[in-house]
Amino acid sequence: MSGDDLNPAAVALPVEDRQGDGRWMSQHTRFVQECKDGEPEVLFVGDSMVQLMEQYEIWKEMFSPLHALNFGLAGDTTCNVLWRLQNGELENIRPKVVVLWVGTNNHDHTAEQVAGGIVAIAQLLTNRLPKAKIVVLGLLPRGEQPNPLREKNAAVNRLLRSWLPRLGQALFLDVSNEFIHSDGTISSQDMFDYLHLTPTGYNILAKPLSDLLLQILEETPEERRPSLV
Amino acid sequence: MSAEASNPAATPTPCEDSQGDGRWMSQHVRFVSECKEREPDVVFVGDSLVQLMHQFGVWRQLFSPLHCLNFGIGGDATQHVLWRLSNGELDNISPKVVVLWVGTNNHGHTAEQIAGGIMEIVQLIHNKLPNAHTLVLGVLPRGRMPNPLRQRNAEVNKLVQDALSSLSHASFFNMDPGFVLSDGSISHQDMYDYLHLTAHGYQAVCEPLHAQIKSLLEKPAEN
């Protein structure tokens, strides 16, 4: 595994406000506030693949009932997620499971660097939440036809599969194969822009993910919290 | 309006494949195919605010019954939409209404340039589809609190509304139900990232939009 000091994908970085409306920071600030208000059992964190899930019916049906919070932010790389988690998005909460899905936006990094960044985040989560399970989702293929980014994402997944078991609390869930048809194409019925999922696309992921989360939540004993009198 | 040649927002420009998976071109090619296969009465064209509308229940509920096609692509600015419409996305179809919603992604352009880009698109649509009515939707406010982009978008709307007032084949429609609250904030219940609409936000804008489109479809055909 590459040393984190040398891995640009494992350096915590906020997103600069280039457009002029401060939306990234507004969303981060809201997530920090949600940590003060909520007691989630499940925390989802990542990029637009996570963020968009909360906008569809599937979230209300399958994940809200598990007391889940969604800290997905479109465009985020591993660097941005690392920064957010180090700057308030893990304060005051003790989820039993963290679902981590990030890496497809790391355009400046190699597959090894991206995988290293994801592992660095999983390590941070394990340090801060020693009793929590970390479910890392594999990067989905992208683009209508085979292309270099599909190969890169698949390489990241291969590395995660071999590196994550060393962390003990981390699990890997990859549903990539469900999206590629026999002719090598991805359908717009599953990914409306060959990257982001449609409601149909999310259904493919939601069932195995939900099953896994339910399994973990059933196994985890209730924590005794100090009473708030 | 300023000369098109010097306005980057009014110069047809395809999107470069900077990421490496050719997604923009794949979507454009798919839309061109749909023009050959389908006979829509209404075509929606624009950016992610158009594209995402298609993913919510409100589309199936309100717009599918009107025989609509959705040619939205996330990230598109006016010059990208201009290129797509010049390169096949208005061919082989004769919709009665074209709904145009674009402008918020024109970063680095002035309000005048953006409005010029939008009017260039309106002109192109009229040249290609002389019998269609173009409904130009106002660009929505963005950002959690007041900021320069809100001012820019409001200025674009004002310029476009003025320019459209003298045309019979196009009109301006402002579907903002009042997203900006009395304290100047926009709620994440309406725009989950202070730009893109939630299902709730779409419900609020689509109902008046649907009514407007229906009344245009019910008008006798213009010569």
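Just so it is clear, the model here is predicted, and its values are computed rather than measured.

**Student:** Lay out the interface of chain B and chain A in plain terms, naming residues and giving numbers.
**Tutor:** Residue-level contacts link 25 residues of chain B with 25 residues of chain A. The junction of chain B with chain A conceals about 2200 Å² of combined surface from both sides, 53% of it contributed by carbon and sulfur atoms. On the chain B side of the contact with chain A, Arg23, Gln55 and Tyr192 of chain B bury the most area, a combined 26% of that side's loss. The interface formed by chain B and chain A holds four salt bridges in total. The interface formed by chain B and chain A holds eleven residue pairs in polar contact (both at pLDDT 80 or more) in total. Counting residues per element, the ones that place at least two in the side of chain B that touches chain A are helix H1 (23-37), helix H2 (48-53) and helix H6 (148-164) of chain B. No other element matches H1 of chain B, which puts four residues into the side of chain B that touches chain A. In the side of chain B that touches chain A, the residues fall into eight nonpolar, eleven polar and six charged.

**Student:** Help me get a handle on the packing of aromatic side chains, residues and values and all.
**Tutor:** Residues and elements named next belong to chain A. Summed over the entire model, instances satisfying the criterion amount to 13 aromatic pairs over all chains. A ring pair is formed by Phe44 and Phe63, whose centres lie 5.3 Å apart and whose planes are at 65 degrees; its orientation type is edge-to-face. Note that Phe44 is positioned in strand E1 (residues 42-46) and Phe63 in helix H3 (residues 57-63), a separation of 19 residues in sequence. Residue class for Phe63 comes out buried when judged on its relative accessible area of 0%.

**Student:** Which residues make up the sheet that holds strand E2 (residues 68-72) of chain B, and what values go with them?
**Tutor:** All names here are of chain B. On the basis of which strands lie adjacent, the open sheet formed by five strands has the order E2-E1-E3-E4-E5 and parallel pairing. Looking at which strands have only one partner, the edges of the open sheet turn out to be E2 and strand E5 (170-173). With direction set aside, neighbouring strand axes in the sheet form an average angle of 20 degrees. Across five bridges, the pairing between strand E1 (residues 42-46) and strand E3 (residues 97-101) is parallel. In the strand pairing of E3, Val42 is matched with Val97. On top of the sheet, helix H4 (residues 78-86) reaches E1, E2 and E3; it is set at about 140 degrees to E1, its chief contact.

**Student:** Lay out helix H7 (residues 199-219) of chain A in plain terms, naming residues and giving numbers.
**Tutor:** Residues and elements named next belong to chain A. An ideal rise of 1.5 Å per residue puts 30 Å on 21 residues; H7 measures up with 29 Å between its terminal C-alpha atoms. Largest kink in H7: about 35 degrees, centred on Ala206, with the proline Pro208 one to four residues after it. Three or more residues of H7 are buried, namely Gly201, Tyr202, Leu205, Ala206, Leu209, Ser210, Leu212, Leu213, Ile216 and Leu217. Looking at the packing, one finds that the buried side of H7 touches E1, helix H2 (48-53), H3, strand E3 (97-101), strand E4 (133-137) and strand E5 (170-173).

**Student:** Mind laying out the sheet that holds E1 of chain A, listing which residues take part and the relevant values?
**Tutor:** Residue and element names in this part refer to chain A. Strand order across the open sheet formed by five strands is E2-E1-E3-E4-E5, with parallel pairing between neighbours. Every interior strand has two partners, whereas the edge strands, strand E2 (68-72) and E5, have only one. If you compare each strand with its neighbour and ignore which way they point, the axes differ by 20 degrees on average. Pairing geometry for E1 and E3, over five bridges, is parallel. Its bridge partner lying in E3, Val42 is registered against Val97. Docked against the sheet, helix H4 (residues 78-86) engages E1, E2 and E3, running at close to 140 degrees with respect to E1.

Calculation rules
Residues numbered from 1 in each chain as written. Chains lettered and ligands numbered in written order. Predicted model: local features only at pLDDT ≥ 70, side-chain atom pairs only at ≥ 80, totals over all residues. Heavy atoms only, no water. Contact = heavy atoms within 4.5 Å. Buried area = accessible area lost by both parts, 1.4 Å probe. Salt bridge = Lys/Arg side-chain N within 4 Å of Asp/Glu carboxyl O. Polar contact = N/O pair within 3.5 Å; in protein donor to acceptor, adjacent residues only side chain to side chain. Helix = DSSP H or I, 4+ residues; strand = E, 2+ residues; numbered from the N terminus. Nonpolar A, V, L, I, M, F, W, Y, C, P; charged D, E, K, R; others polar. Phe/Tyr/Trp six-rings, centres within 6.5 Å; stacked < 30°, edge-to-face > 60°. Buried < 20%, exposed > 50% of the residue type's maximum accessible area, 1.4 Å probe, protein only. Pairing = 2+ DSSP bridges. Axes fitted to C-alpha atoms, helices over the stretch in contact; angles between N-to-C directions. Expected span 1.5 Å × (residues − 1). Bend = angle between axes of the 7 residues up to and from the residue.

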